[in-house]
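# Working through the structure, step by step
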Amino acid sequence: MLIRVPAGWQIPEREAAPESAYWNRRRLLAAVGLLPASPLLRGAPDGKAPYPAQRNPEFADAGRAITEEWAATGYNNFYEFDPQDKQAVKDKVAAFQIRPWTIEVTGLVAKPQTLDLDQLEKSMPLEERVYRFRCVEAWSMVVPWTGFPLHELIRRVEPKPEAKFVRFVTVHRPSQMPGIRQANWYPWPYFEGLRMDEAMNPLCLVATGLYGKPLPKQNGAPVRIVAPWKYGYKSIKSIVKIEFVAKQPATFWNQLQPAEYGFYSNVNPKKPHPRWSQATEKVIPRMERVATLPYNGYEKWVAAMYAGKED
Ligand code: MTE
(Lines give C-alpha, C1' and ligand atoms only; values in the text may rest on other atoms or scores of the structure.)
Protein backbone atom coordinates (compact mmCIF):
# COMPACT_ATOMS: atom_id res chain seq x y z
CA MET A 1 0.00 0.00 0.00
CA LEU A 2 1.70 3.16 -1.16
CA ILE A 3 0.57 6.69 -0.54
CA ARG A 4 1.71 9.53 -2.72
CA VAL A 5 3.63 12.13 -0.74
CA PRO A 6 2.59 15.68 -1.67
CA ALA A 7 4.94 17.83 -3.71
CA GLY A 8 7.19 20.16 -1.72
CA TRP A 9 5.16 23.22 -2.71
CA GLN A 10 2.05 21.93 -1.01
CA ILE A 11 1.61 23.73 2.30
CA PRO A 12 0.93 21.26 5.07
CA GLU A 13 -2.60 21.67 6.39
CA ARG A 14 -1.39 22.54 9.90
CA GLU A 15 0.61 25.52 8.58
CA ALA A 16 -2.33 27.12 6.81
CA ALA A 17 -5.32 28.70 8.55
CA PRO A 18 -8.05 26.09 8.41
CA GLU A 19 -10.77 27.05 5.95
CA SER A 20 -13.35 26.90 8.76
CA ALA A 21 -11.37 29.48 10.75
CA TYR A 22 -11.33 31.72 7.67
CA TRP A 23 -15.10 31.50 7.22
CA ASN A 24 -15.87 31.84 10.92
CA ARG A 25 -13.71 34.97 10.99
CA ARG A 26 -15.54 36.39 7.98
CA ARG A 27 -18.88 35.65 9.57
CA LEU A 28 -17.82 37.32 12.79
CA LEU A 29 -16.59 40.40 10.92
CA ALA A 30 -19.82 40.55 8.91
CA ALA A 31 -21.85 40.24 12.11
CA VAL A 32 -20.13 43.23 13.72
CA GLY A 33 -20.54 45.23 10.52
CA LEU A 34 -16.90 45.25 9.44
CA LEU A 35 -17.65 43.31 6.28
CA PRO A 36 -20.70 43.53 4.04
CA ALA A 37 -22.85 40.41 4.31
CA SER A 38 -21.51 38.42 1.39
CA PRO A 39 -23.77 36.27 -0.79
CA LEU A 40 -21.22 33.53 -0.13
CA LEU A 41 -22.24 33.59 3.49
CA ARG A 42 -25.80 32.92 2.51
CA GLY A 43 -27.00 29.37 2.08
CA ALA A 44 -29.66 28.16 4.42
CA PRO A 45 -32.88 30.25 4.56
CA ASP A 46 -31.87 31.64 7.96
CA GLY A 47 -28.91 33.28 6.23
CA LYS A 48 -26.30 30.90 7.59
CA ALA A 49 -23.99 29.17 5.14
CA PRO A 50 -24.30 25.42 5.67
CA TYR A 51 -20.50 25.04 5.45
CA PRO A 52 -18.51 25.09 7.53
CA ALA A 53 -20.85 24.10 10.31
CA GLN A 54 -20.13 24.71 13.96
CA ARG A 55 -17.89 22.03 15.46
CA ASN A 56 -19.62 20.04 18.19
CA PRO A 57 -17.33 20.42 21.25
CA GLU A 58 -18.05 16.85 22.34
CA PHE A 59 -16.41 15.62 19.14
CA ALA A 60 -13.77 18.29 18.61
CA ASP A 61 -10.82 16.12 19.60
CA ALA A 62 -10.53 12.51 18.46
CA GLY A 63 -7.34 12.00 20.44
CA ARG A 64 -5.24 11.84 17.28
CA ALA A 65 -4.17 14.45 14.75
CA ILE A 66 -6.66 15.20 12.00
CA THR A 67 -5.61 13.51 8.78
CA GLU A 68 -4.44 15.87 6.06
CA GLU A 69 -7.27 16.60 3.64
CA TRP A 70 -5.31 15.48 0.56
CA ALA A 71 -4.85 12.05 2.12
CA ALA A 72 -8.46 11.49 3.25
CA THR A 73 -9.79 12.61 -0.12
CA GLY A 74 -7.16 10.79 -2.15
CA TYR A 75 -7.29 7.29 -0.69
CA ASN A 76 -10.81 5.92 -0.94
CA ASN A 77 -12.79 2.73 -0.93
CA PHE A 78 -15.58 3.30 -3.40
CA TYR A 79 -15.85 0.15 -5.47
CA GLU A 80 -18.44 1.66 -7.82
CA PHE A 81 -15.65 3.81 -9.25
CA ASP A 82 -12.60 1.59 -8.85
CA PRO A 83 -12.74 -1.76 -7.09
CA GLN A 84 -8.94 -2.07 -6.91
CA ASP A 85 -7.07 1.20 -6.75
CA LYS A 86 -7.95 3.47 -3.82
CA GLN A 87 -5.83 6.28 -5.17
CA ALA A 88 -7.55 6.18 -8.56
CA VAL A 89 -11.09 6.71 -7.25
CA LYS A 90 -10.81 10.50 -7.11
CA ASP A 91 -9.80 10.59 -10.79
CA LYS A 92 -12.87 8.62 -11.92
CA VAL A 93 -15.70 10.58 -10.33
CA ALA A 94 -15.95 13.57 -12.68
CA ALA A 95 -19.02 12.29 -14.58
CA PHE A 96 -20.92 11.44 -11.40
CA GLN A 97 -23.95 13.78 -11.09
CA ILE A 98 -24.81 14.68 -7.49
CA ARG A 99 -27.64 17.20 -8.09
CA PRO A 100 -30.56 17.04 -8.07
CA TRP A 101 -30.50 14.31 -5.40
CA THR A 102 -33.37 12.68 -3.59
CA ILE A 103 -33.55 10.07 -0.86
CA GLU A 104 -36.55 7.79 -0.73
CA VAL A 105 -37.53 7.00 2.85
CA THR A 106 -39.83 4.03 2.83
CA GLY A 107 -40.97 0.82 4.53
CA LEU A 108 -42.39 0.56 8.05
CA VAL A 109 -42.90 4.26 8.73
CA ALA A 110 -46.01 6.38 9.25
CA LYS A 111 -44.69 9.13 6.97
CA PRO A 112 -42.89 7.69 3.95
CA GLN A 113 -41.42 10.46 1.83
CA THR A 114 -38.96 11.41 -0.85
CA LEU A 115 -36.56 14.01 0.46
CA ASP A 116 -34.78 16.55 -1.67
CA LEU A 117 -31.23 16.77 -0.36
CA ASP A 118 -30.92 20.56 -0.65
CA GLN A 119 -34.10 20.98 1.38
CA LEU A 120 -32.99 18.39 3.89
CA GLU A 121 -29.61 20.06 4.44
CA LYS A 122 -31.29 23.38 5.08
CA SER A 123 -33.80 21.95 7.53
CA MET A 124 -31.39 19.85 9.59
CA PRO A 125 -29.06 21.04 12.36
CA LEU A 126 -25.72 20.65 10.55
CA GLU A 127 -22.71 20.29 12.80
CA GLU A 128 -19.09 19.25 12.46
CA ARG A 129 -17.66 16.22 14.27
CA VAL A 130 -14.12 14.94 14.25
CA TYR A 131 -14.31 11.14 14.21
CA ARG A 132 -11.79 8.34 14.00
CA PHE A 133 -12.61 6.15 11.01
CA ARG A 134 -11.31 2.56 10.86
CA CYS A 135 -11.48 0.44 7.72
CA VAL A 136 -11.70 -3.35 8.07
CA GLU A 137 -8.51 -3.50 5.99
CA ALA A 138 -6.64 -2.06 9.02
CA TRP A 139 -6.01 1.48 7.81
CA SER A 140 -7.55 4.46 9.52
CA MET A 141 -7.94 8.23 9.44
CA VAL A 142 -9.32 11.07 11.57
CA VAL A 143 -11.62 13.47 9.74
CA PRO A 144 -14.07 16.31 10.39
CA TRP A 145 -17.46 15.31 8.98
CA THR A 146 -20.33 17.74 8.55
CA GLY A 147 -23.77 16.30 8.99
CA PHE A 148 -26.66 15.67 11.32
CA PRO A 149 -27.59 12.73 13.56
CA LEU A 150 -29.55 10.08 11.69
CA HIS A 151 -32.07 9.99 14.54
CA GLU A 152 -33.23 13.49 13.55
CA LEU A 153 -34.35 12.13 10.20
CA ILE A 154 -35.76 8.91 11.66
CA ARG A 155 -37.98 10.80 14.11
CA ARG A 156 -39.38 12.84 11.24
CA VAL A 157 -40.71 9.80 9.38
CA GLU A 158 -42.20 8.14 12.49
CA PRO A 159 -41.15 4.49 12.36
CA LYS A 160 -43.81 1.93 13.23
CA PRO A 161 -43.16 -0.35 16.22
CA GLU A 162 -42.47 -3.28 13.84
CA ALA A 163 -39.50 -1.43 12.32
CA LYS A 164 -36.45 -3.15 13.86
CA PHE A 165 -33.76 -2.47 11.25
CA VAL A 166 -32.85 0.21 8.74
CA ARG A 167 -31.62 -0.65 5.27
CA PHE A 168 -29.62 1.77 3.08
CA VAL A 169 -29.01 1.61 -0.67
CA THR A 170 -26.42 3.43 -2.79
CA VAL A 171 -27.31 4.95 -6.15
CA HIS A 172 -26.89 2.60 -9.13
CA ARG A 173 -25.48 4.44 -12.15
CA PRO A 174 -23.24 2.20 -14.24
CA SER A 175 -22.83 4.92 -16.89
CA GLN A 176 -21.30 7.30 -14.32
CA MET A 177 -19.64 4.71 -12.07
CA PRO A 178 -17.08 2.75 -14.08
CA GLY A 179 -16.32 0.25 -11.31
CA ILE A 180 -19.81 -1.25 -11.57
CA ARG A 181 -19.10 -2.62 -15.06
CA GLN A 182 -15.50 -3.38 -14.20
CA ALA A 183 -16.66 -5.61 -11.33
CA ASN A 184 -20.00 -6.79 -12.70
CA TRP A 185 -20.06 -9.90 -10.48
CA TYR A 186 -20.84 -7.80 -7.40
CA PRO A 187 -24.54 -7.54 -6.38
CA TRP A 188 -24.93 -3.80 -7.18
CA PRO A 189 -26.22 -1.47 -5.94
CA TYR A 190 -24.23 -1.45 -2.65
CA PHE A 191 -26.52 -2.00 0.33
CA GLU A 192 -26.02 -1.88 4.09
CA GLY A 193 -28.02 -2.00 7.29
CA LEU A 194 -28.17 -1.07 10.95
CA ARG A 195 -30.27 -2.24 13.84
CA MET A 196 -32.82 0.39 14.87
CA ASP A 197 -31.03 1.29 18.12
CA GLU A 198 -27.73 1.63 16.25
CA ALA A 199 -29.36 3.93 13.72
CA MET A 200 -30.84 5.97 16.58
CA ASN A 201 -27.53 6.15 18.46
CA PRO A 202 -26.38 9.77 18.75
CA LEU A 203 -23.02 8.88 17.14
CA CYS A 204 -24.58 7.80 13.86
CA LEU A 205 -24.31 10.64 11.38
CA VAL A 206 -25.83 11.44 8.03
CA ALA A 207 -22.80 13.19 6.50
CA THR A 208 -23.03 15.75 3.74
CA GLY A 209 -19.66 17.42 4.26
CA LEU A 210 -16.00 16.87 4.99
CA TYR A 211 -13.34 19.41 6.03
CA GLY A 212 -15.94 22.16 6.25
CA LYS A 213 -17.10 21.75 2.65
CA PRO A 214 -19.65 19.60 0.83
CA LEU A 215 -18.55 15.95 0.59
CA PRO A 216 -16.14 15.21 -2.23
CA LYS A 217 -17.58 12.69 -4.65
CA GLN A 218 -14.94 10.11 -3.80
CA ASN A 219 -15.93 10.26 -0.13
CA GLY A 220 -19.58 9.49 -0.84
CA ALA A 221 -21.18 12.66 -2.13
CA PRO A 222 -23.66 14.00 -1.76
CA VAL A 223 -24.80 12.09 1.33
CA ARG A 224 -23.56 9.06 3.26
CA ILE A 225 -23.79 7.35 6.61
CA VAL A 226 -20.96 7.49 9.17
CA ALA A 227 -21.04 4.95 12.02
CA PRO A 228 -17.58 5.47 13.56
CA TRP A 229 -17.64 2.52 15.97
CA LYS A 230 -18.01 0.08 13.06
CA TYR A 231 -15.67 -0.93 10.28
CA GLY A 232 -15.80 1.54 7.41
CA TYR A 233 -17.84 -0.61 5.03
CA LYS A 234 -20.92 -0.06 7.21
CA SER A 235 -20.65 3.67 6.38
CA ILE A 236 -22.43 3.46 3.05
CA LYS A 237 -21.87 6.20 0.46
CA SER A 238 -24.10 8.13 -1.96
CA ILE A 239 -27.37 6.86 -0.54
CA VAL A 240 -30.69 7.13 -2.38
CA LYS A 241 -32.89 4.89 -0.26
CA ILE A 242 -33.53 4.36 3.45
CA GLU A 243 -35.94 1.55 4.22
CA PHE A 244 -37.36 0.54 7.61
CA VAL A 245 -37.76 -3.24 7.88
CA ALA A 246 -38.76 -5.86 10.44
CA LYS A 247 -35.98 -8.42 9.80
CA GLN A 248 -32.21 -8.07 9.73
CA PRO A 249 -31.47 -7.08 6.13
CA ALA A 250 -28.78 -8.59 3.93
CA THR A 251 -25.68 -6.46 3.53
CA PHE A 252 -23.29 -6.22 0.57
CA TRP A 253 -20.09 -7.67 2.07
CA ASN A 254 -21.87 -10.10 4.35
CA GLN A 255 -23.70 -11.57 1.36
CA LEU A 256 -20.43 -11.91 -0.55
CA GLN A 257 -18.25 -13.29 2.26
CA PRO A 258 -20.27 -14.06 5.39
CA ALA A 259 -17.30 -15.68 7.15
CA GLU A 260 -15.31 -12.45 6.89
CA TYR A 261 -17.85 -9.66 7.23
CA GLY A 262 -20.61 -9.84 9.82
CA PHE A 263 -23.73 -7.74 10.06
CA TYR A 264 -22.64 -5.83 13.15
CA SER A 265 -18.96 -5.36 12.26
CA ASN A 266 -18.10 -3.35 15.33
CA VAL A 267 -14.41 -2.48 15.53
CA ASN A 268 -12.90 -5.17 17.75
CA PRO A 269 -9.12 -5.51 18.17
CA LYS A 270 -9.58 -8.93 19.80
CA LYS A 271 -11.45 -10.48 16.91
CA PRO A 272 -9.08 -11.02 14.01
CA HIS A 273 -10.28 -10.98 10.44
CA PRO A 274 -9.79 -14.54 9.10
CA ARG A 275 -6.90 -13.23 6.99
CA TRP A 276 -5.29 -10.58 9.21
CA SER A 277 -5.08 -9.25 12.75
CA GLN A 278 -7.30 -6.36 13.81
CA ALA A 279 -5.18 -5.52 16.89
CA THR A 280 -3.49 -2.54 15.23
CA GLU A 281 -4.14 -0.16 12.35
CA LYS A 282 -2.06 2.00 10.01
CA VAL A 283 -2.89 5.70 10.03
CA ILE A 284 -2.95 7.21 6.53
CA PRO A 285 -0.94 8.68 4.90
CA ARG A 286 2.24 7.72 6.76
CA MET A 287 0.94 4.34 7.77
CA GLU A 288 2.30 4.49 11.30
CA ARG A 289 0.96 1.65 13.45
CA VAL A 290 -1.30 2.43 16.39
CA ALA A 291 -3.37 0.16 18.61
CA THR A 292 -6.97 -0.40 17.56
CA LEU A 293 -9.47 0.45 20.27
CA PRO A 294 -12.63 -1.53 21.11
CA TYR A 295 -15.53 0.07 19.24
CA ASN A 296 -12.88 2.31 17.70
CA GLY A 297 -12.72 4.18 21.02
CA TYR A 298 -16.47 4.91 21.14
CA GLU A 299 -17.24 2.32 23.83
CA LYS A 300 -18.86 4.83 26.17
CA TRP A 301 -21.49 5.74 23.59
CA VAL A 302 -22.24 2.32 22.13
CA ALA A 303 -21.14 -0.68 24.25
CA ALA A 304 -24.43 -0.89 26.14
CA MET A 305 -26.25 -1.71 22.91
CA TYR A 306 -24.44 -5.03 22.53
CA ALA A 307 -24.70 -6.94 25.79
CA GLY A 308 -24.68 -10.50 24.46
CA LYS A 309 -26.06 -9.61 21.04
CA GLU A 310 -23.04 -8.85 18.92
CA ASP A 311 -22.02 -11.26 16.16
N1 MTE B 1 -20.11 2.68 0.05
C2 MTE B 1 -20.29 2.29 -1.24
N3 MTE B 1 -21.44 2.59 -1.85
N4 MTE B 1 -19.32 1.64 -1.95
C5 MTE B 1 -18.13 1.29 -1.36
O6 MTE B 1 -17.27 0.67 -2.02
N7 MTE B 1 -16.76 1.31 0.68
C8 MTE B 1 -16.85 1.27 2.14
C9 MTE B 1 -17.54 2.51 2.70
N10 MTE B 1 -18.75 2.81 1.97
C11 MTE B 1 -17.91 1.65 0.01
C12 MTE B 1 -18.93 2.38 0.67
C13 MTE B 1 -15.55 1.10 2.78
S14 MTE B 1 -14.86 -0.45 2.69
C15 MTE B 1 -14.94 2.11 3.47
S16 MTE B 1 -13.52 1.83 4.37
C17 MTE B 1 -15.46 3.47 3.43
O18 MTE B 1 -16.62 3.61 2.62
C19 MTE B 1 -14.38 4.41 2.89
O20 MTE B 1 -14.78 5.75 3.01
P21 MTE B 1 -13.79 6.93 2.54
O22 MTE B 1 -13.42 6.65 1.11
O23 MTE B 1 -14.54 8.19 2.70
O24 MTE B 1 -12.59 6.83 3.43
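Preceding block: the structure.
As a convention, each chain's residues are numbered from 1 in the sequence order in which they are written. Selection of residues for local features in this predicted model requires a pLDDT of at least 70, selection of side-chain atom pairs for listing and counting requires 80 or more, and totals for whole chains, interfaces and linings are taken over all residues. Hydrogen atoms and water are omitted, and side-chain values are computed over all heavy atoms in the structure.

## A closer look at the overall build of the protein chain
If you tally the helices and strands in the protein chain, you get eight helices and 12 strands. Here, residues are in contact when the closest pair of their heavy atoms is within 4.5 Å. Nonlocal contacts in the protein chain, meaning residues at least 24 apart in sequence, comprise 71% of its contacts between residues at least 6 apart. Shrake-Rupley sampling with a 1.4 Å probe provides the accessible areas, and residues are treated as covered by the protein chains on show and by no other component. Working note: accessible area of the protein chain is about 14500 Å², and carbon and sulfur atoms make up 56% of it. Put simply, DSSP H or I for four residues or longer makes a helix, DSSP E for two residues or longer makes a strand, and each gets a number counted from the N terminus.

## Describing the site of the ligand
Close to the ligand lie 19 residues, the nearest being Tyr79, Glu80, Asn219, Arg224 and Lys237. Any pair of N or O atoms that falls within 3.5 Å is considered a polar contact. Within protein, one atom must be able to donate a hydrogen and the other to accept it, and sequence-neighbouring residues count only if both atoms are side-chain atoms. Between the ligand and Asn76 there is a distance of 3.0 Å, counted from an oxygen atom to a side-chain nitrogen or oxygen. With respect to the ligand, the side chain of Arg224 contributes an N or O atom lying 2.7 Å from an oxygen atom. Each residue gets one of three labels, nonpolar for Ala, Val, Leu, Ile, Met, Phe, Trp, Tyr, Cys and Pro, charged for Asp, Glu, Lys and Arg, and polar for the others, Gly among them. Its residues assigned to classes, the shell around the ligand shows nine nonpolar, seven polar and three charged. By convention in this text, a residue qualifies as near a molecule or strand provided that one of its non-hydrogen atoms is within 4 Å of it.

## Quick look at the nonpolar core
One broad trend across soluble globular proteins is that nonpolar side chains are buried collectively. Counting 83 residues, the largest nonpolar core has Trp145, Phe168, Trp229 and Phe244 as its most contacted members. In terms of residue count, the dominant contributor to this core is strand S4 (residues 139-149) (five residues). Apart from the residues lying within four places of it in its own chain, the contact partners of Trp145 are Glu127, Glu128, Arg129, Tyr131, Phe133, Leu205, Ala207, Gly209, Leu210, Leu215, Arg224 and Val226. Here, the term nonpolar core denotes a set of buried Ala, Val, Leu, Ile, Met, Phe, Trp, Tyr and Cys residues that are joined through side-chain atoms within 4.5 Å. Relative accessibility decides the category of a residue: with a 1.4 Å probe and only protein chains considered, values under 20% of the type maximum give buried, values over 50% give exposed, and everything between is partly exposed.

## Quick notes on the side chain of Ser238
Tracing the backbone shows Ser238 in the loop between strand S9 (224-226) and strand S10 (239-245). Classification of Ser238 by relative accessible area gives buried; the value is 0%. If near-sequence neighbours (up to four positions away) are discounted, Ser238 is found in contact with Phe78, Phe96, Trp101, Val169, Thr170, Val171, Gly220, Ala221, Val223 and Arg224.

## Re the pattern of salt bridges
Once the charged atoms of two side chains with opposite charge are near each other, the side chains can pair. We define a salt bridge as a contact between a side-chain nitrogen of Lys or Arg and a carboxyl oxygen of Asp or Glu at a distance within 4 Å. Under the defined criterion, the tally for this structure stands at 17 salt bridges. With a shortest N-O distance of 3.1 Å, Glu281 and Arg134 are connected by a salt bridge. Remark: Arg134 occurs in strand S3 (residues 127-134) and Glu281 occurs in strand S11 (residues 280-283); sequence separation between them is 147 residues. The buried category is assigned to Arg134, whose relative accessible area is 0%.

## Thoughts on the pairing of S4
Where burial is concerned, most of S4 is hidden: 11 out of the 11 residues are buried. Pairing between two strands requires that DSSP report at least two bridges joining them. Bridge analysis of S3 against S4 gives eight bridges, and the strand direction is antiparallel. Its bridge partner lying in S4, Tyr131 is registered against Val143. In textbook terms, the turn of a hairpin is the stretch between consecutive antiparallel strands, and for S3 and S4 this stretch comprises four residues, one of which, Ala138, has a positive phi near 75°. The pairing of S4 with S11 spans two bridges and is parallel.

## Here we look at the packing of aromatic side chains
Here is the rule: rings of Phe, Tyr and Trp (six-membered ring for Trp) pair when centre to centre is within 6.5 Å. Planes less than 30 degrees apart are stacked, more than 60 are edge-to-face, and the remainder are tilted. Here the structure, examined in full by the defined rule, presents 25 aromatic pairs. Here Phe59 and Trp301 contribute two aromatic rings whose centre-to-centre distance is 5.4 Å and whose plane-to-plane angle is 40°, an arrangement assigned as tilted. Taken together, the positions of Phe59 in the loop between helix H1 (19-31) and helix H2 (69-72) and Trp301 in helix H8 (residues 299-302) put the pair 242 residues apart, joining distant regions of the chain. Accessibility expressed as a relative area gives 5% for Phe59, which makes it buried. One aromatic cluster in this structure is built from Tyr79, Trp185, Tyr186, Trp188, Tyr190, Phe191, Tyr233, Phe252, Trp253 and Tyr261. As a reminder, the over-ring test applies to NZ of lysine and CZ of arginine, requiring each to be within 6 Å of the ring centre and within 35 degrees of the ring normal. Over the ring of Tyr298 we find Arg132; its NZ or CZ atom is 4.5 Å from the centre of that ring. The positively charged end of Lys300 is found above the aromatic ring belonging to Trp301, 4.4 Å away from the centroid.

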